[in-house]
Structures are given as structure tokens and as C-alpha cells.
Amino acid sequence: MNVGFVGLGIMGVRMAGNLLRGGHSLVVFNRTPEKSRPLETAGARAVRTPAEAARGVSLLFTMLSTPDAVTSMALGKDGFLGALTRGSLWIDCSSVDPSFSRHMALEASRLAVRFMDAPVTGSLAVAEKGELTFLAGGDAADLKEARPLLQLMGKTIRHLGPVGMGSAMKMIINMQLGALMAAFSEALALGESLGFSRTILLDTLVGGPVAGPFLAGKRTKLETHAYEPEFPLRWQQKDLHLACTTAWEQGVPMPVINAAKEAFMAAAADGMADLDFSAVAELHVRKH
Ligand SMILES: NC(=O)c1ccc[n+]([C@@H]2O[C@H](COP(=O)([O-])OP(=O)(O)OC[C@H]3O[C@@H](n4cnc5c(N)ncnc54)[C@H](OP(=O)(O)O)[C@@H]3O)[C@@H](O)[C@H]2O)c1
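In this numbering scheme, every chain counts its residues from 1 along its sequence in written order. Where local features are concerned, this predicted model is filtered to residues with pLDDT of at least 70; where side-chain atom pairs are given and counted, the filter is 80 or more; whole-chain, interface and lining totals use all residues. Side-chain numbers here rest on the full set of heavy atoms in the structure, without hydrogens or water.

Strands are treated as partners if at least two bridges between them are detected by DSSP. Secondary structure elements are defined from DSSP: runs of H or I of at least 4 residues count as helices, runs of E of at least 2 residues count as strands, and each element is numbered from the N terminus. If you trace the six strands from one edge of the open sheet to the other, you get 3-2-1-4-5-6, paired in parallel fashion. Two strands in the sheet have a free side with no partner beyond their single neighbour: strand 3 (45-46) and strand 6 (114-117). Where strand 1 (residues 2-6) meets strand 4 (residues 59-62), four bridges bridge the pair, whose relative direction is parallel. Looking at the pairing, Gly4 lines up with Leu60 of strand 4.

Encoded structure:
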């Protein structure tokens, strides 16, 4: 199948690579063109505008950072939406809020383009192995058509309802991830202030019933204070922000998530935005 892929960051480049290995003809675009090189070497055609990535493809994936980035690639100068063939399918895998996904579906429908939101869980290593979980919102028939491609990038595909419901579930998952990471950071800080070593704290807490299972994968970063990004902190902050915006839309109070959002804001302001999100723990370390 002729497939377009826009957004070749940490996740996108690995997802697109798996489509290519699956035998699909891939045309790719990234704002920073150098990131297309590994895929070009592997046989993809890299183009210079988002619109060129849409011409002649029957399915286009986006894996972009924020709602603003998706808007700019879809509807900005040389945007891809106007270049997609009528009846083609756009699948947005970016982590965005559900209202935004519904808005993009409306924009797409005006041009007779079908839309699905299909954000993912699983980070760099899981994307590399093609074992992501897709959280899909949209028509069952569209998902059926896309399933063989999604299966090249993921091992679990959940259909959660109409457009927006995939984004909704992703947001609900990531707001917990952020809150757990922020709370664990404070547990480390208080524990160390009481005289426990980081190692004894990690030995005791990680793998226990009150620490998130994902923390096992963050142990080396927390011990070495080296936070090579797998999930950049700025995107965790964005996910918390989007959850808070959605809570405002829904009239749901979220005092804990709002507080966690501010911890990530402080870490970003402290120069950690491009590090892994687990670097939020350094907020406290620096102050002791
Ligand atoms: N990393 C993870 O573990 C993970 C897991 C699940 C979901 N996600 C979500 O997946 C999405 C991508 O994350 P990532 O980790 O791959 O992030 P990333 O490495 O920072 O990649 C972000 C992508 O968005 C593009 N972009 C950002 N702003 C743009 C703009 N204004 N116009 C055009 N393109 C723009 C970047 O282009 P440039 O290369 O030019 O900067 C890059 O292609 C995010 O929504 C994130 O929340 C990430």
C-alpha cells in the first residue's frame, strides 16, 4: 500500500521503519529533514513538504508532538490535508486531547477524508520492537482497513469508540503516569532527606505494590542521574496540561493532576524539558 508518514521523532521514525519492513511503499516528511535519513536509506521516499507526503497515498499517519504541531502540518502552509485524495484515511497517532481529535475529524470530513485517532502506549524500545498498544477512536470499518498496518507497529489494538475516544483513553493513562512519577520523585526526596540511600529506596519501593510498574524501567536513570530521553519531559507536561484542559471542559475537579502538572512545569523551566520525563526527580535532588 502507498502510505504517508508525517512526524519522525523518537516514536515516529521507529513506527515508520516497521511499516517499511512490512513491505509498504512509504513517503515521509519531518520538519527537521535530517531525521528522515535512516528511513531514506531503508527505502522510503523523503519529501520536502507535508503536502507531498499526502499525494497519491491511500493512508497517512501522523506522529507529532502537540495539537499545534498537528494543526500546522495538516492545515498550515503546504499542509497535507488538502493534498489527500478524497476517501483516503488519516490516522493521527499523536497524543492530543479528545476535543482536538474531533475538531480534526471535522476538518477532514469537509474534504471527504476519513479520520481516526490512534495514539499509542509504549515507549522507544516498545516502538522499536513493533509492540505498541494502539488506542483507536473512529469507525470500525476504517479500523479494519488499517489493522494490518497497525499490526506491523503494535501488538494490541483497542477500539474504544467513535473519534476522540482513543485520545481520551491515552490522556487518562498519561495523567496517571505523570502523577505517579511526580509522587515517586517526592518519595525519593523525603526518603533521602531522612537518611536512606537512593539504592535502598529503589530496592524497597520499585516492584512493590505502591510503586508504578513502569518505574522498574526508570531505575537506571534515577540511579545514574542520566536522563537520555525515551519519553521527553516536555510531552509529559503537555499531556498533563491537556488533561487539565479537558477536565475544565468536562467540569471535573483534578487537584492532584494540576499539582503534578506544576511539578513538570517547574522541571521544564529548570532546563529539563528535553530530558526523559523521569528527570522530574532532579527537581528535588538539586535542592538538597
Ligand atoms: N516517546 C514516548 O515514549 C511516547 C510514547 C507514547 C506517545 N508519545 C507521544 O507521541 C508523540 C511524539 O512523541 P516523540 O516522543 O516521538 O517526540 P519527539 O521525538 O519530540 O518528536 C516530535 C515530532 O513532532 C514534530 N514537531 C514538533 N513540533 C512541530 C511543529 N511545530 N511542526 C511540525 N512538526 C513538529 C517533530 O519534528 P522535529 O523533528 O522537526 O522536531 C517530531 O517529528 C507525542 O504526542 C508524544 O506525547 C510519546
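Resuming the write-up.
The next thing to look at is the environment of Gly23. Relative to the elements of secondary structure, Gly23 occurs in the loop between helix 1 (12-21) and strand 2 (25-29). Residue Gly23 is classed as exposed on the basis of its relative accessible area, which comes to 62%. Counting along the chain gives 181 residues from Gly23 to Thr204, while the straight-line C-alpha distance between them is 46 Å. Burial classes follow relative accessibility: with a 1.4 Å probe on protein chains only, a residue under 20% of its type's maximum area counts as buried, one over 50% as exposed, and anything between as partly exposed.

Overall, mixed pairing links the three strands, which are arranged 7-8-9 in an open sheet. A single partner strand is all that each edge strand has here, and the edge strands are strand 7 (120-121) and strand 9 (154-159). Taken together, the five bridges between strand 8 (residues 132-136) and strand 9 define a ladder with parallel strand orientation. By the bridge assignment, Thr133 is partnered in strand 9 with Thr156. Two residues qualify as a contact provided that any one of their heavy atoms is within 4.5 Å of a heavy atom in the partner residue. Helix axes use the C-alpha atoms of the stretch in contact, all axes being lines fitted to C-alpha atoms, and the angles between their N-to-C directions lie in the range 0 to 180 degrees. Of the strands in this sheet, strand 8 and strand 9 touch helix 7 (residues 140-153), which is tilted by about 160° from strand 9.

Moving on: the pairing of strand 5 (residues 89-92). In strand 5, alternate side chains face the same way, and those of Leu89 and Ile91 on one face and Trp90 and Asp92 on the other are all buried. Both strand 4 and strand 5 contribute to a ladder of four bridges, which runs parallel. What sits directly across from Leu59, in strand 5, is Leu89. We call a crossover right-handed when, viewed with both strands directed away from the observer, the connection leading from the first strand over the helix to the second proceeds clockwise. The parallel pair strand 4 and strand 5, bridged by helix 4 (residues 67-75), forms a crossover whose chirality is right-handed. Bridge count between strand 5 and strand 6: four bridges; the pairing is parallel. Along strand 6, the bridge assignment pairs Asp92 with Asp117. Note that the unit made of strand 5, helix 5 (residues 98-110) and strand 6 has a crossover that is right-handed.

Residues in close proximity to the ligand total 25 residues, the closest being Asn30, Thr32, Lys35, Ser123 and Glu230. For the ligand, an oxygen atom lies 2.8 Å from a polar atom in the side chain of Lys238. A 1.4 Å probe and the Shrake-Rupley method give the accessible areas. Residues count as covered only by the protein chains that appear here. Protein contact buries 89% of the 900 Å² of open area that the ligand shows by itself. If you list the elements that add at least two residues to the shell around the ligand, you get helix 4 and helix 11 (233-250). Among the elements that take part in the shell around the ligand, helix 4 stands out by supplying three residues, more than any other. The nearness test applies per residue and asks whether one of its heavy atoms lies within 4 Å of the molecule or strand. Distance and chemistry together define a polar contact, namely a pair of N or O atoms within 3.5 Å, with one atom able to donate a hydrogen and the other to accept it when in protein, and with adjacent residues in sequence counting only for side-chain atoms on both sides.

Here we come to the side chain of Glu282. Tracing the sequence through the fold places Glu282 in helix 13 (residues 282-285). In this structure the side chain of Glu282 is engaged in a polar contact, spanning 2.8 Å, whose partner is the side chain of His225. With near-sequence residues (within four places) excluded, Glu282 lies in contact with Arg198, His225, Tyr227 and Met272.

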